[in-house]
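# Analysis of the macromolecular model
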Amino acid sequence: MHSSDRREQQHRKSARQRSLLEVKNLSMLFPARRRLGQARAWVRAVDGVTLSVISGETLAVVGESGCGKTTLGRAMVMLARPTAGEVSFDNIELTKLSLGALRAARRQLQMIFQDPYGSLDPRQRVEDIVGEPLLIRGVPRRARRERVAELLGLVGLGPDAAPRLPREFSGGQRQRVGIARALAAEPKLIVCDEPLSALDVSIQAQIVALLKDVQQRLVLTYVFISHDLAVVRQIADRVAVMYLGTVVELADAAVIFQAPRHPYTVALLSAVPKLATRSSTSQAPPLVQGDPPSPIDVPRGCRFHPRCWLRERLNNPEICVSAEPFLSGGDKHLSACHFATELVRHATLDFDASASLSAGDSR
Amino acid sequence: MSAIEASPSVRSTIIWRATSLIRQRPALALSILCLALVALVALGAPLLPYGPFKQDILHRNGVPSAFHWLGTDELGRDVGARLAMGARVSLIVAISSSLIAVAIGVMIGMLSGYLGGFADTLIMRFVDSMYAFPETLFAILIASLVKGQLSGQAPALLEPLAEAYRWSGGLLGVLLTLGFTCWLTTARLVRSQVLALKNSEYILASQLAGASGWFIVKKHLLPNAQPVILVAITFVVPNAILLEAGLSFIGIGVDPPTPSWGTMIAAGVQSLQSYPHLLIAPALAIGATLLALNVVGDALRDLYDPALRR
Amino acid sequence: MSSASERTFAQHAGPLLRVEDLRVHIPTSRGVVEAVDGVSFSINKGEIVGIVGESGCGKSMLALSIVRLVPSPGRIIAGHVAMAGRDLLSLSEREMRRVRGNDVGMIFQDPSASLNPVMRVGDQVSETVEAHHSLTALQAKQRSLDMLRAVRIPGPEVRYRDYPHQYSGGMRQRAMIAVGSVNHPRLLIADEPTTALDVTVQAQIMELLLAMNRATGTAIMLITHNIALVSHFCSRVLVMYAGRIVESGPTLEVFETPKHPYTDALLKAVPRIEEKSEGGLLPIEGRPPDLARKPRGCAFHPRCPQRKDICLVEEPPPFKIGPGRKARCWLAQETSPFEEDARLSS
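What counts, and where the lines are drawn
Residues numbered from 1 in each chain as written. Chains lettered and ligands numbered in written order. Predicted model: local features only at pLDDT ≥ 70, side-chain atom pairs only at ≥ 80, totals over all residues. Helix = DSSP H or I, 4+ residues; strand = E, 2+ residues; numbered from the N terminus. Buried ≥ 20, exposed ≤ 12 C-beta atoms within 10 Å, placed from the backbone. Contact = placed C-beta atoms within 7 Å. Rg over C-alpha atoms; globule rule 2.2 N^0.38 Å. Axes fitted to C-alpha atoms, helices over the stretch in contact; angles between N-to-C directions. Parallel < 35°, antiparallel > 145°, perpendicular 65-115°, else oblique. Left-handed = near helix turned anticlockwise from the far one by under 90°. Nonpolar A, V, L, I, M, F, W, Y, C, P; charged D, E, K, R; others polar. Pairing = 2+ DSSP bridges. Domains from an automatic or database assignment. Core = buried A, V, L, I, M, F, W, Y, C linked by C-beta atoms within 7 Å. pLDDT = per-residue confidence, 0-100.

## Comments concerning the overall build of chain A
- The secondary structure content of chain A amounts to 13 helices and 13 strands.
- Per-residue burial for chain A yields a buried fraction of 49% across its 363 residues.
- When contacts within chain A are restricted to residue pairs at least 6 apart in sequence, those whose partners lie at least 24 apart make up 65%.

## A word on the overall build of chain C
- In terms of regular secondary structure, chain C is built from 14 helices and 12 strands.
- On C-alpha atoms alone, chain C measures out to a radius of gyration of 21 Å, which is about the 20 Å that the 2.2 N^0.38 rule sets for 346 residues.
- In terms of its C-alpha atoms, chain C occupies a principal-axis envelope of roughly 65 × 50 × 45 Å.
- The 346 residues of chain C split such that 51% are buried.
- Partitioning the contacts of chain C with sequence separation of at least 6, the portion at a separation of at least 24 is 63%.

## A short note on the packing of helix 11 (residues 226-250) of chain B against helix 12 (residues 261-270) of chain B
All names here are of chain B.
- Closest axis-to-axis distance for the helix 11/helix 12 pair is 7 Å, and the angle between their directions is 45°. It follows that helix 11 is oblique to helix 12 by the angle criterion. In this structure, helix 11 meets helix 12 at a crossing whose hand is right-handed. Contacts between helix 11 and helix 12 involve E244, A245, G246, L247, S248 and F249 from the first element and W261, G262, T263, I265 and A266 from the second.
- Of the residues contributing to the contact of helix 11 with helix 12, the split by class is 6 nonpolar, 4 polar and 1 charged.

## Brief notes about the sheet that holds strand 10 (residues 246-252) of chain A
All names here are of chain A.
- Spatial ordering of the open sheet is given by 6-7-8-3-9-10-11, a layout of 7 strands whose pairing is mixed. Each edge of the sheet is formed by a strand with only one pairing partner; in this case those strands are strand 6 (109-112) and strand 11 (334-335).
- Pairing geometry for strand 10 and strand 11, over 2 bridges, is antiparallel. Of the residues in strand 11, the one forming a bridge with E249 is S335.
- Across the sheet, helix 2 (residues 69-76) lies against strand 3 (58-62), strand 7 (189-193), strand 8 (221-226) and strand 9 (238-243), angled at about 155° from strand 8, the strand it touches most.

## Here we look at the interface of chain A and chain C
- The partner chain C presents 40 residues to the 38 residues of chain A that form the contact.
- Sorting the residues of the side of chain A that touches chain C by element identifies helix 7 (201-218), helix 8 (229-235) and helix 10 (263-271) of chain A as the ones contributing at least two each.
- At 7 residues, helix 7 of chain A tops the list of elements feeding residues into the side of chain A that touches chain C.
- Its residues assigned to classes, the side of chain A that touches chain C comprises 20 nonpolar, 10 polar and 8 charged.

## Some remarks on the environment of F169 of chain A
Residues and elements named next belong to chain A.
- Tracing the backbone shows F169 in the loop between helix 5 (141-154) and helix 6 (171-184).
- The class for F169 is buried, based on 21 C-beta atoms found within 10 Å.
- For the pair formed by F169 and Y117, sequence separation is 52 residues and the distance between their alpha carbons is 9.7 Å.

## Concerning the domain arrangement of chain A
Residues and elements named next belong to chain A.
- For chain A, the assigned domains read domain 1 (19-236) and domain 2 (258-358).
- Put simply, the middle of domain 1 and the middle of domain 2, counted by C-alpha atoms, are 30 Å apart.
- Taken together, the 11 residues of domain 1 in the interface contact 8 residues of domain 2.
- Going through the elements one at a time, strand 2 (41-54) and helix 8 are the ones with two or more residues in the side of domain 1 that touches domain 2.
- A total of 4 residues in the side of domain 1 that touches domain 2 trace back to one element, the largest contributor, which is strand 2.
- The class makeup of the residues in the side of domain 1 that touches domain 2 is 6 nonpolar, 3 polar and 2 charged.

## Here's the deal with the sheet that holds strand 5 (residues 92-93) of chain A
Residue and element names in this part refer to chain A.
- Pairing within the open sheet is antiparallel, and its 4 strands lie in the order 2-1-4-5. Single-partner strands in this sheet number two, and they are strand 2 and strand 5.
- By the bridge criterion, 5 bridges tie strand 1 (residues 19-32) to strand 4 (residues 84-89) in an arrangement that is antiparallel. Within strand 4, the position partnered with V23 by the bridge is V87.

## Here we look at the interface of chain B and chain A
- The partner chain A presents 27 residues to the 21 residues of chain B that form the contact.
- Listed by contribution, the elements that provide at least two residues to the side of chain B that touches chain A are helix 9 (201-208) and helix 10 (213-224) of chain B.
- Among the residues forming the side of chain B that touches chain A, the class breakdown is 11 nonpolar, 9 polar and 1 charged.

## As for helix 10 of chain A
- Within helix 10 of chain A, 9 of the 9 residues are buried, which leaves it mostly tucked inside the rest of the structure.
- Of the positions making up helix 10 of chain A, those classed as buried are P263, Y264, T265, V266, A267, L268, L269, S270 and A271 of chain A.

## Some remarks on helix 9 of chain B
- Along helix 9 of chain B, 8 of the 8 residues are buried, which leaves the element largely enclosed by surrounding structure.
- All of the buried residues along helix 9 of chain B are E201, Y202, I203, L204, A205, S206, Q207 and L208 of chain B.
- Among the structural elements, strand 6, helix 4 (126-137) and helix 6 of chain A together with helix 8 (184-198) and helix 10 of chain B are those in contact with the buried residues of helix 9 of chain B.
- G210 of chain B sits one or two residues past helix 9 of chain B and shows a positive phi near 100°.

## Some details on the environment of G53 of chain C
Residues and elements named next belong to chain C.
- With respect to the helices and strands, the residue G53 is situated in the loop between strand 3 (48-52) and helix 2 (59-66).
- Residue classification places G53 among the buried positions, given that 27 C-beta atoms sit within 10 Å.
- On a C-alpha basis, the gap between G53 and S114 in space is 23 Å, while along the polypeptide they are 61 residues apart.
- For G53, the residues in contact, after removing those within four places along its chain, are K59, H225, V239, M240 and Y241.

## Notes on the nonpolar core
- Counting residues in hydrophobic clusters, the biggest one holds 213 residues, and the most contacted among them are V223, F224, V239 and A240 of chain A together with M221 and L222 of chain C.
- No other element matches helix 7 of chain A, which puts 7 residues into this core.
- Here this core gathers at least three residues from each of two domains, domain 1 (19-236) and domain 2 (258-358) of chain A.
- Grouped together as the second largest cluster of nonpolar side chains are 63 residues, V102, L175, I241 and A285 of chain B included.

## Topic: the pairing of strand 8 of chain A
Residues and elements named next belong to chain A.
- Of all 6 residues making up strand 8, 6 are buried, and the element is well covered by its neighbours.
- In strand 8, alternate side chains face the same way, and those of T221, V223 and I225 on one face and Y222, F224 and S226 on the other are all buried.
- The sheet contact formed by strand 3 and strand 8 spans 5 bridges and is parallel. Directly across from T58, in strand 8, lies its bridge partner Y222.
- Summarising the sheet, strand 7 and strand 8 pair through 5 bridges and their orientation is parallel.

## Some points on the confidence of the model for chain A
Residue and element names in this part refer to chain A.
- Mean pLDDT over chain A: 85, with 88% of residues reaching 70 or higher.
- The weakest mean pLDDT in chain A belongs to strand 13 (residues 356-358) at 39; the strongest belongs to strand 3 at 96.
- Throughout residues 350-363 the model reports pLDDT below 50, and contacts reaching past four residues in sequence, or to other chains, amount to 25 contacts.

## A look at unusual backbone geometry
- Residue P73 of chain C is reached from S72 of chain C by a cis peptide bond, and omega for that bond is 10°.
- Here P73 of chain C is to be found in the loop between helix 2 and strand 4 (75-83).
- For M78 of chain A, which is not a glycine, the phi torsion comes out positive at approximately 60°.
- In this structure, M78 of chain A sits in the loop between helix 2 and strand 4.

## Quick look at the confidence of the model for chain C
- Summarising the model, chain C shows a mean pLDDT of 87, and 93% of its residues fall at 70 or more.
- Two summary scores accompany this predicted model of the complex, namely pTM at 0.84 and ipTM at 0.84.

Here you go:
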């Protein structure tokens, strides 16, 4: 290949690699009420997250209840003002904007919500719901009508959907309306907050196909929040794993599912049931015990240490309790674990050959 | 892709439920009839043979007879005509003052609920302290203030208002009084509804689309607060009617000779020993009307109760 | 459990639970919803059977109808439900109450809705014991503590006195399992027991249920939409659609070689964590049918990529396609040498 071609390719690659949304040291703390007299405690929903979302990609944010992924999603689109840290979109610092300026700037960031029954105003017709972003921007009525019909077609609903009320539709169809509404604002980035969780399995597949299709056609960037790792594997380019308000692992999807570098990710992946076949019927015993802790009482040192199987395996090293690990590990695969490199020796994940976690020795 | 199957018309379900409710509850049907009667009488008041103001001193305090079906009062005026006129007053009071009270309540409730934070706390503490104040006493206070300003010599600024006051026979004063007194419950109801709706995802979606607070209130919060506003109206209307009667009873409601059920009861109480018929008619009228309003209000609340939807 | 019923259970030769042609109808303003439409199956002692289907397929209503807890205005209008030979549908309400919580335990999806929020957890377990056995309060409490320990609630003596809101989600589910199992029922009906839980907690709960099954021989009817879960824990699976069982058989066989197009489509639509399917997930076109207005013929035909003319007209009966395997599909008839009436023994 010619050197100029190579330079061209590099240039295009770095342009494509440009980060669209950046989050630096973002924290969302909520006051938790305690009994009178006791010191006020804080719910550390999001606790110092630094991430960037690359233009054109689908970044998945996964984790269990209490990990802060939904709060992070809302903070990213500035639906809630971060307690600390900054959010930049297209090199504009959103956190520094006044409310008025924010209102003008914000159409490029949109959101799709989890609950198809709560995310549409029950008293508005579909055409008004989908047309609202256009109305706010001052698009005249006829142009609005046409655009709404276009959008409804794009999401797979016919024009006869327009004059109807949300309650006449099923969950899957309502989600489509929600997607059409998000697209009406012509955004560059869409945060999808668990868009499939309330839908039936067969409908989920339809919506996933729709999201992928729309992303390709309109050149969109997605932040996909979900607790369903199986779906995430189908749709994500990169994955960020969250635990108790922080990102504990961040890597390309292909890599993270094959060779995770954080014990929590390993535990999470091993807990997801895989379809058994005759050659591999046993599900690995669970690697973590107990429930995910509450974000009010964050453990000292590494947040995961009370439930960490690796720590047990390594005979409870001191550092897990005394020092909080930060995301590190080079450019592409980051992990917040003191023993990320040791991990490989203790667990191998082999989904393709035998759908189970074969963990080193004792188990 | 997926075709949309037409589901049975949803707009007719409210009508369907309303009619089935009426069929199930005879008391409700009766109450609706009673209110219809009151409305009819109020509207048809001018058609009655005897005017409510025509005095016939010679035949004062007459018992019900062929000429005067409900008798005559202490100045010889036809009780029936005055009752009908009083019905008119009650109707006007019911509608207008409720509108004023609900409008004030909705504005304050929306403001407080949507703004939240310190403004909400401030407004709600104010509402709470007003709630602690006895309503009738408060109404008397406001009524005196209003009458003081508008009857007799009014300051230049309020002159057109005073004109209207005189023309309405003191009714405007009552409307304003009730409007400024009865908004508390509405404000509370609306505020709690707004608080519940504020975090709905469709409101968030509107914010994301760049909607201003005013837009959200107008397009989303007000329409979705309709059931609550309706419930508030069902509370305010009977309350207003009763309060007006009370004010007129004491003498600071409508100005004489405008008939009101309250003034008629006041006069009737005075001559209870000798001419009981003067009290019975207005007392029954107001009692029946309030009962009917309560029953209908109950039914309306049940109609909108999501728990009873099936 | 009293020794008399123990003997009944031990002696009874056939399957533990036998359901034949069960039908549940619910009258609504839209018409009569045929929630359960001729379901027949059986569960043997100690077996774990999975019932798989999406929302609206009737699986929850099926579970409720076995213990006769169908909410009005729904009614069981036909069929037989027999436990160890005893016909449950003909029992009086009083006798039925002795069955619930004693011979049959139930676990529901949302533990917060099923536990009494103003009653201590331990007392709720004891209450179930005392309702079925004449023991002293102390003895009942002892059994409850044993059960709380068995479901691995840490520090049961202290936790006994806690209220449900003081428990975490996973612990509440364990408490529910305790309530459902404390009288050592022969059959445990678990309706989506892990759907509302985090995946790591789900793994623990499933392991617990499996351990209980192995230790006490309690049969489990696991109702879920999670196919992968069923493939690990259930020896047999019943696939439901529109109120009917469309396919049944040994789990691994059914999932490896599905004979009903719905089962096949479901397997293709479900995302797998083991791999990224390059073609993407294959959605099933259309939507589940309105149970008040089911299509003529086979209920799945509007969405079936392999439908034939007969499918639009006639509903296929369950065809026997192998030992213990059945499929309600005209296509299956072609590959099976014989046909079996749904009323015959399963």
